[in-house]
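Inside the fold
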Amino acid sequence: MDKLALKYHNLEYNCSLCILKAFEEKHSVPLTHQLEESCKVMSSGFGIGVICNALTAGVMIFGIMHDETLAKSARIALLSDTQEKYGSINCAPLKDVYECEDIIAYIANKIDELITN
């Protein structure tokens, strides 16, 4: 899923939408126009550098793909793994140290792993 997410990132989709569009394309799960539009307000850590919106998109995907219990478990795994790998889950400190492309690719693959297991 990383290559698809990076394709959308290169088309200048924001982090949340590039993850959701990659998910839609790979798994043939159509997204509503309203869901896509909602991503417009989910960029740059909600505009104040807090939680990475690629992670937020992942949590949304888990809600689409799994029941509540499994979705919450996948959410914790995604957030914990990202925190462990990068030392943060917040946009501002992540962008200070890493390239967004690397973070998006990692998160896209982790999401894919968590929804297919």
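Since the structure is predicted, the reported quantities are computational estimates derived from the model, not experimental observations.

What follows is about the packing of aromatic side chains. Under the definition given, this model contains three aromatic pairs. For the ring pair tyrosine 86 and tyrosine 98, a centre distance of 4.7 Å and an interplane angle of 80° mean the geometry is edge-to-face. Linking tyrosine 86 in helix H6 (residues 68-86) with tyrosine 98 in the loop between helix H7 (91-97) and helix H8 (100-116), this pair joins segments that are 12 residues apart in sequence. Tyrosine 86 sits in the buried class, given a relative accessible area of 11%. Measuring from centroid to centroid gives 5.5 Å for tyrosine 86 and tyrosine 106, while their planes differ by 80°, and the two rings are edge-to-face. Here tyrosine 86 is found in helix H6, whereas its partner tyrosine 106 is found in helix H8, with 20 residues between them in sequence. Through a chain of ring-to-ring contacts, three or more aromatic side chains come together here, namely Tyr86, Tyr98 and Tyr106. Cation over ring: lysine 85 sits above tyrosine 86, and NZ or CZ is 5.5 Å from the ring centre.

Reading guide: rules and limits
- Residues numbered from 1 in each chain as written.
- Predicted model: local features only at pLDDT ≥ 70, side-chain atom pairs only at ≥ 80, totals over all residues.
- Heavy atoms only, no water.
- Phe/Tyr/Trp six-rings, centres within 6.5 Å; stacked < 30°, edge-to-face > 60°.
- Helix = DSSP H or I, 4+ residues; strand = E, 2+ residues; numbered from the N terminus.
- Buried < 20%, exposed > 50% of the residue type's maximum accessible area, 1.4 Å probe, protein only.
- Lys NZ or Arg CZ within 6 Å of the ring centre and 35° of its normal.

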